[in-house]
Amino acid sequence: MSAMSNPNELSQRIEHLLAQMSVDQKLGQMIQGERMSVTPDDVANHHLGSVLSGGGSCPGANRPEDWIAMADAYWAASMRDDGRLPIPLIYGVDAIHGHANVLGATVFPHNIGLGAAHDPDLVERVAQATAREILATGVEWTFAPTLAVAQDIHWGRTYESYSSDPALVTSYAGRFVRGLQGDLGQDTVVASVKHWVGDGGTTNGVDQGNTEISEAELRAVHIAPYLEALAAGALTVMASFNSWNGVKCHGHRYLLTEVLKEELGFDGFVISDWDGADYLSPDYSVAIAMAANAGVDMFMVSADWRRCLRTLQELVANGTVPMARVDDAVRRILSVKIRYGLFERPRPAERHWSRAGGFGADAHRAVAREAVRKSLVLLKQEGDILPLSTDATILVAGKNADNRGHQCGGFTVAWQGVSGNDQIIGGTSIWEGIHAVAPQAELSVDGSAADPSRHTVAVVVIGERPYAEGMGDIRVVPQVGTGSARRDGPADARLGQPMGAGSGFGGITTSLPAYGTTLELARLHPEDLATIRRITAQGIPVVTVLISGRPLIVTPEMAESAAFIAAWLPGSEGQGVADVLFGDHPVQGRLSFPWPDDDGATRYPIGYGLSLN
Ligand code: GLC
């Protein structure tokens, strides 16, 4: 059970702590700095409430022991008994499909694949395994689950959405939160449901764009899944970059305070997104004040956390941000830390899962492999080409056939994901999974080794390469000035470049380049159709497997294929694809998004998916 299940005891304990805290200590709790700009001494000297790893921001050799050492140092700094009230730090990370930043993690299918599985029980088990692997690195908090109900697959974050159907997202929301948070005991971590609210509803699917819908639709489509998540006890909510009818969520008092906290009774705390408050105004002080007064309780800061802290101190001193608002934010933060038992837990290095290991455990990989199997959607099947025979001389081709990085997608080791096999330690590529059961199979990435005298069938693995957030957008129309302008100057620090010098404001939705300008795979990646045709030209039938973060227009590729499977972003356990290709397990996935046709109409509806008779 949580450390404090009695509301009166909890309240008394919060008030007792609050009464001992200086203004600076209270404001320090409202700051989450990114690890590359925070030292343990900073945590101690400025009473920082949290530190995070942005996508791909990893300590040392990026192994569990490096993470444990890092988390332990920050935690110990926060608990220094140097005359100040020790308040344990909480460390946050994007473990959104496993703790995939870390080398050797079990990487689960991204949410779009879990959606195609239509299996809430499975989703809870995925969350439980993810929690164990987070704990095995000394970390306590993940910015998951994403509850986006993506309405336009041009959006670069479509794959982080379970479905365009709010009912399906709702059926997962509470289960994933329970899988992570459970009884708030030693096997659990803190969840952060995101992004509040309407992230998946922006016009043209532009990341961080403008969600232009009625309140009735906002509630029915985008708020609905949160009801289950909050009922399951989600302890934190992340504010969203998008705007709702032109007003940015980070500064939206109605949404953050009146709806989320007052109407829905959310009693945890709201964390901003990555510098999300900065974009509310060209005047930084005005922006921070807007966010704080709207209901942001903790500020996620990518680099200049000192500026944010200093600005908050000035805003409190001049009354722009009332002390009552600060106390409310800090009460919420303390409430989460107390309910999670953070004050009672040993230091990260001495916790059960830090010592018990289990990172990348076979049991977790088995869950991931099951999820891969259940996520696969058979869109086309001619004759009886499936299941394949393990005795067959199979040609395996395609740029994504032997590329664990590509099958994992974004938020894996690096923010934008990685390519190749060497950084995905453990697990199997799709090729490796096939070859393990069909020893006569041969790999020819471009298909040039196709030989009808040897190869009776080919499996061609095609599709997208990894991306994250705005860099995954398909921008058919250039977007100007409709969303959160990122800082001027070099792109995001997570791309390995220094942050932009000033806080200037560009006029475009994001300074990050989009993935493309069309949903047609043949125009996005013509190499894929070329590979398929190189093989069919030899009279060899092709089973095509599509690796993608969203449905795509694949008319020519599908026409050339005897069978066509949507595999989404399956993660590290590519063997799950072979399990279905060879008939060891049924193909059972069903679309959780409509599949588009050439003319923009729907080619296959939600729920579509063939079975092998
Ligand atoms: C990103 C994302 C958010 C993530 C955060 C920390 O910009 O919008 O989903 O949790 O930053 O990496």
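Keep in mind that this is a model prediction, so the values were computed, not measured.

Draft legend 1. The arrangement of the domain arrangement of the protein chain in detail. By the assigned domains, the protein chain splits into domain 1 (7-355) and domain 2 (371-467 + 520-604). Taken residue by residue, the interface counts 42 residues in domain 1 and 32 residues in domain 2. When domain 1 packs against domain 2, the two sides together hide about 2,700 Å² of surface, and 62% of this comes from carbon and sulfur. When residues of domain 1 are sorted by the area they lose upon contact with domain 2, I112, I153 and Y159 head the list and together hold 22% of the total. Seen at the junction of domain 1 and domain 2, the total is 1 salt bridge. Note that D119 is salt-bridged to K374, the shortest N-O span being 3.0 Å.

Draft legend 2. Layout of the packing of aromatic side chains. Under the counting rule described, the total for this entry stands at 11 aromatic pairs. Centre to centre, the rings of W141 and F143 are 5.2 Å apart; their planes meet at 70 degrees, and the pair counts as edge-to-face. F143 carries the same exposure label as W141, and that label is buried. Here the aromatic cluster, defined as three or more aromatic residues joined through ring pairs, consists of W67, Y74 and Y91. Sitting over the face of the ring of Y284, R307 holds its NZ or CZ atom 4.0 Å from the ring centroid. Looking at R345, its charged tip hangs above the ring of Y340, at a distance of 3.6 Å from the centre.

Draft legend 3. Representation of the sheet that holds strand β4 (residues 141-142). With respect to topology, 5 strands assemble into an open sheet ordered β4-β3-β2-β1-β11, the strand pairing being parallel. Of all the strands in the sheet, just β4 and β11 (299-301) have a single pairing partner and so form its edges. The pairing of strand β1 (residues 31-34) with strand β2 (residues 50-53) spans 3 bridges and is classified as parallel. Bridge pairing in β2 places E34 opposite L52.

Draft legend 4. Region of the structure containing the confidence of the model for the protein chain. Averaged over the protein chain, the pLDDT score is 94; the fraction of residues at 70 or greater is 94%. Ignoring residues within four places in sequence, the model shows residues 481-491, a span with pLDDT below 50, making 54 contacts including any to other chains. Predicted confidence is poor over residues 497-509, with pLDDT under 50, and the contacts of this stretch with residues over four places away or in other chains come to 47 contacts.

Draft legend 5. View of helix α9 (residues 253-263). Turning to α9, its buried residues number three or more, namely L255, L256, T257, V259, L260 and K261. Positive backbone phi, at 70 degrees, marks G265, one or two positions downstream of α9.

Draft legend 6. Representation of the site of the ligand. Near the ligand, the surroundings consist of D94, F143, R157, K194, H195, M238, F241, D273, W274, M300, E469 and R494. A distance of 2.9 Å separates an oxygen atom of the ligand from a polar side-chain atom of K194. Here an oxygen atom of the ligand and a side-chain polar atom of E469 are 3.0 Å apart. Burial of the ligand by the protein amounts to 100% of the accessible area it has alone, namely 310 Å². Within the shell around the ligand, the residues separate by chemical class into 5 nonpolar, 1 polar and 6 charged.

Draft legend 7. Focus on the pattern of salt bridges. One pass over the structure, following the stated rule, counts 38 salt bridges. A salt bridge links E124 to R175; its shortest N-O distance comes to 2.5 Å. One end of the pair, E124, is in helix α6 (residues 120-135); the other, R175, is in helix α7 (residues 166-181), with 51 residues separating them in the sequence. Residues E382 and K380 are paired through a salt bridge, measuring 3.5 Å at the closest nitrogen-oxygen approach. We classify K380 as buried; its relative accessible area is 16%. Ionic contacts of the salt-bridge type, sharing partners, join the residues K261, D297, R325, D328 and R332 into one network.

Draft legend 8. Main features of the sheet that holds strand β9 (residues 247-248). Across the sheet, 3 strands lie side by side as β6-β8-β9; this open sheet has mixed pairing. Edge positions in the sheet fall to β6 (210-211) and β9, since each has one partner strand and no second. Note that β6 and strand β8 (residues 243-244) share 2 bridges and pair parallel. The residue of β8 that forms the bridge with N210 is S243.

Draft legend 9. Broad picture of the nonpolar core. Formed by 198 residues in total, the largest nonpolar core has its most connected members in W196, F299, I394 and L581. No other element matches the 8 residues that α6 contributes to this core. Setting aside residues up to four positions removed in sequence, F299 forms contacts with M30, I31, Q32, S272, A277, I288, A291, A292, C308 and L312. Ranked by size, the runner-up nonpolar core spans 7 residues in total, among them L103, V107, C408 and V413.

Draft legend 10. Focus on the pairing of strand β3 (residues 90-93). Of the two faces of β3, the one lined by I90 and G92 and the one lined by Y91 and V93 are each fully buried. Pairing geometry for β2 and β3, over 4 bridges, is parallel. Bridge pairing in β3 places V51 opposite Y91.

Draft legend 11. Looking closely at the environment of V336. With respect to the secondary-structure elements, V336 resides in helix α12 (residues 323-339). V336 sits in the buried class, given a relative accessible area of 1%. When the C-alpha positions of V336 and L235 are compared, they lie 6.2 Å apart, and in sequence the two are 101 residues distant. Beyond its immediate stretch of four places on either side in the chain, V336 contacts V190, L235, T236, G268 and F269.

Draft legend 12. Region of interest: the packing of α6 against α7. Running from N to C, α6 and α7 point in directions that differ by 30 degrees, and their axes come no closer than 7 Å. It follows that α6 is roughly parallel to α7 by the angle criterion. Crossing angle aside, the handedness with which α6 passes α7 is right-handed. Along the contact surface, α6 presents P120, D121, V123, E124, V126, A127, Q128 and A131, while α7 presents S171, Y172, R175, F176, R178, G179 and L180. A class-by-class count of the residues in the contact of α6 with α7 yields 8 nonpolar, 3 polar and 4 charged.

Conventions we followed
Residues numbered from 1 in each chain as written. Predicted model: local features only at pLDDT ≥ 70, side-chain atom pairs only at ≥ 80, totals over all residues. Heavy atoms only, no water. Domains from an automatic or database assignment. Contact = heavy atoms within 4.5 Å. Buried area = accessible area lost by both parts, 1.4 Å probe. Salt bridge = Lys/Arg side-chain N within 4 Å of Asp/Glu carboxyl O. Phe/Tyr/Trp six-rings, centres within 6.5 Å; stacked < 30°, edge-to-face > 60°. Buried < 20%, exposed > 50% of the residue type's maximum accessible area, 1.4 Å probe, protein only. Lys NZ or Arg CZ within 6 Å of the ring centre and 35° of its normal. Pairing = 2+ DSSP bridges. Helix = DSSP H or I, 4+ residues; strand = E, 2+ residues; numbered from the N terminus. pLDDT = per-residue confidence, 0-100. Near = heavy atom within 4 Å. Polar contact = N/O pair within 3.5 Å; in protein donor to acceptor, adjacent residues only side chain to side chain. Areas by Shrake-Rupley, 256 points an atom, 1.4 Å probe, with all protein chains shown as cover. Nonpolar A, V, L, I, M, F, W, Y, C, P; charged D, E, K, R; others polar. Core = buried A, V, L, I, M, F, W, Y, C linked by side-chain atoms within 4.5 Å. Axes fitted to C-alpha atoms, helices over the stretch in contact; angles between N-to-C directions. Parallel < 35°, antiparallel > 145°, perpendicular 65-115°, else oblique. Left-handed = near helix turned anticlockwise from the far one by under 90°.

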